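# Architecture at a glance
Spelled out, the chains give:
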Amino acid sequence: MVTGTVLERDGSTYRVLTADGEVRAVLRGRMKRDNPRVVVGDRVELDTEVETGLLAIAAVADRTSLLARRVPEGRGTRPVAANIDQVLVVTATRDPDPVPQLVDRLLVVAEANQIEPLVVLNKIDLDGGGDLRRRFSGAGYTVIGTSVKSGEGIEELRARLKGRESVITGPSGAGKSSLLNTLEPGLQLRTGEISAKVRRGTHTTVSAVMVPLQIGGYLVDTPGFSEVGLWGLEPRELAHCFPEFRAPMENCRYPDCSHIHEPGCAVLAAKEAGLVSADRWESYRVLLTELEGQPEDWE
Ligand SMILES: Nc1nc2c(ncn2[C@@H]2O[C@H](COP(=O)(O)OP(=O)(O)O)[C@@H](O)[C@H]2O)c(=O)[nH]1
Ligand SMILES: [Mg+2]
Ligand SMILES: [Zn+2]
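So, a few notes on the structure that sits alongside this text. Remember, predicted model here, so these are calculated numbers, not experimental data. (Residues numbered from 1 in each chain as written. Chains lettered and ligands numbered in written order. Predicted model: local features only at pLDDT ≥ 70, side-chain atom pairs only at ≥ 80, totals over all residues. Heavy atoms only, no water.)

### Some remarks on the packing of aromatic side chains
Any two aromatic rings considered together are summarised by their centre-to-centre distance and by the angle between their planes. Within this structure, the stated rule accounts for 3 aromatic pairs. Judged by centre distance (5.6 Å) and plane angle (85 degrees), the ring pair of Phe 242 and Tyr 284 falls under edge-to-face. On the criterion of sequence distance, the pair formed by Phe 242 in the loop between α7 (225-228) and α8 (243-249) and Tyr 284 in helix α10 (residues 278-291) is long-range, its members being 42 residues apart. The class for Phe 242 is buried, based on a relative accessible area of 0%. For Lys 271, the ring lying beneath its charged end belongs to Trp 281, and the centroid distance is 4.4 Å. (Phe/Tyr/Trp six-rings, centres within 6.5 Å; stacked < 30°, edge-to-face > 60°. Helix = DSSP H or I, 4+ residues; strand = E, 2+ residues; numbered from the N terminus. Buried < 20%, exposed > 50% of the residue type's maximum accessible area, 1.4 Å probe, protein only. Lys NZ or Arg CZ within 6 Å of the ring centre and 35° of its normal.)

### Observations concerning the sheet that holds strand β4 (residues 43-48)
Spatial ordering of the closed barrel is given by β1-β2-β3-β5-β4, a layout of 5 strands whose pairing is mixed. Mean inter-strand twist for the sheet, computed between neighbouring axes without regard to direction, equals 55 degrees. Alignment of strand β1 (residues 2-10) against β4, held across 4 bridges, turns out to be antiparallel. Paired with Thr 3 across the bridge in β4 is Glu 45. (Pairing = 2+ DSSP bridges. Axes fitted to C-alpha atoms, helices over the stretch in contact; angles between N-to-C directions.)

### Quick look at α10
Taking 1.5 Å per residue as the helical rise, α10 with its 14 residues ought to reach 20 Å, and the 20 Å between its terminal C-alpha atoms agrees with that figure. Considered for burial, the residues of α10 that qualify are Arg 280, Trp 281, Ser 283, Tyr 284, Arg 285, Leu 287, Leu 288, Thr 289 and Leu 291. (Expected span 1.5 Å × (residues − 1).)

### Quick notes on the sheet that holds strand β9 (residues 116-122)
Adjacent strands of a sheet pair through backbone hydrogen bonds, lying either parallel or antiparallel. Reading across from one edge, β10-β9-β8-β11-β13-β12 is the order of the 6 strands in this open sheet, with mixed pairing throughout. Here the strands that pair on one side only, and so sit at the sheet edges, are β10 (142-146) and β12 (209-212). Strand-to-strand twist in this sheet, taken as the mean axis angle between neighbours without regard to direction, amounts to 30 degrees. Set on the sheet, helix α2 (residues 100-112) makes contact with β8 (86-92), β9 and β11 (164-169); between it and β8 the angle comes to about 180 degrees. (Contact = heavy atoms within 4.5 Å.)

### With respect to the pattern of salt bridges
Going through the model one piece at a time under the given rule, you end up with 18 salt bridges. The partner of Arg 28 in a salt bridge is Asp 47, and the shortest N-O contact between them spans 3.5 Å. With Arg 28 in the loop between β3 (21-27) and α1 (29-33) and Asp 47 in strand β4, the pair connects residues that are 19 residues apart, well separated along the chain. Among the residues examined, Arg 28 registers a relative accessible area of 24% and is labelled partly exposed. A salt bridge links Glu 244 to Arg 280, with the shortest nitrogen-to-oxygen separation between them at 2.7 Å. One end of the pair, Glu 244, is in helix α8; the other, Arg 280, is in helix α10, and 36 residues separate them in sequence. Across the pair, exposure class does not vary: Glu 244 and Arg 280 are buried alike. Three or more residues joined by partner-sharing salt bridges are found here, namely Asp 104, Arg 135, Glu 244, Asp 279 and Arg 280. (Salt bridge = Lys/Arg side-chain N within 4 Å of Asp/Glu carboxyl O.)

### Structural notes on the site of ligand 1
In the vicinity of ligand 1, 15 residues are found, and the nearest of them are Lys 123, Val 148, Gly 173, Lys 176 and Ser 178. Here Gly 175 contributes a backbone N or O atom positioned 2.9 Å from an oxygen atom of ligand 1. Side-chain polar atom of Ser 177 to an oxygen atom of ligand 1: 2.9 Å apart, as the coordinates give it. When ligand 1 is considered free in solution it has 580 Å² of accessible area, and contact with the protein chains removes 71% of it. Taken together, the residues that form the shell around ligand 1 break down as 4 nonpolar, 7 polar and 4 charged. (Near = heavy atom within 4 Å. Polar contact = N/O pair within 3.5 Å; in protein donor to acceptor, adjacent residues only side chain to side chain. Areas by Shrake-Rupley, 256 points an atom, 1.4 Å probe, with all protein chains shown as cover. Nonpolar A, V, L, I, M, F, W, Y, C, P; charged D, E, K, R; others polar.)

Pasting the structure below:
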């Protein structure tokens, strides 16, 4: 029995990385009817089909995590990638100006999928990013400052990627491609080719591709992690996606507290006391409004 990791789905075949290199495999007949579907990142067992002589995926190992795109109108979720250990949310400290609310949104997507996020503040040669660092570490996140120019933080980032399965995301211009190039020459090219290929597909399919790292581990390229979106996240689940809310919200007077206006709200009290950042809470309020499908209140 051969085991491997699914790197990509290509029509009815899968590219699978085994200890002896890359192979192509089809789904064993029984697997086709089975749920959950096989996705990128799945650890699988391969068998040779007697009838066809083809390698076939015979079994899928239990997943440690599953990044899922939520299908609107309550039609459930569609798996995108399995066994992702972490999501690297990259933002520049300057040039382009950081948009912390956008980072918050990406962090919520990671949290909603129960995947550990890591905040990467890039271009610290231009701006140390002290405020951003305080904002995100204060919320409980691990923050790494990096500079492709000075090399600061690159070793720390490499150590974080090693042996793990990571998704990298963040706004355009943050320096994601530059970071990948610095971490592993040729990697950016490989993920770039993949992105172009994915974009040519129909936009109804959110597929993903995994790229093995020379240092061990994988980088998962999902066409727009942000497009995984907040669809289907229940409004009441949102507060759990803000780690700094979790302890105070235990003490809210009402169990169904929205943490927006209720008397006896411990999250609002923590905000007043400066324990929860007012800016993070504002992101929560905006995202909650969005999830509740109400028009934004501009007052
Ligand atoms: N000063 C400085 N510039 C950087 C750094 N990282 C990337 N850049 C520049 O920022 C621009 C955008 O980088 P790019 O990697 O294309 O961003 P991406 O859109 O996130 O992939 C490029 O001109 C890079 O040279 C950095 O750490 N410091
Ligand atoms: Mg890029
Ligand atoms: Zn509350």
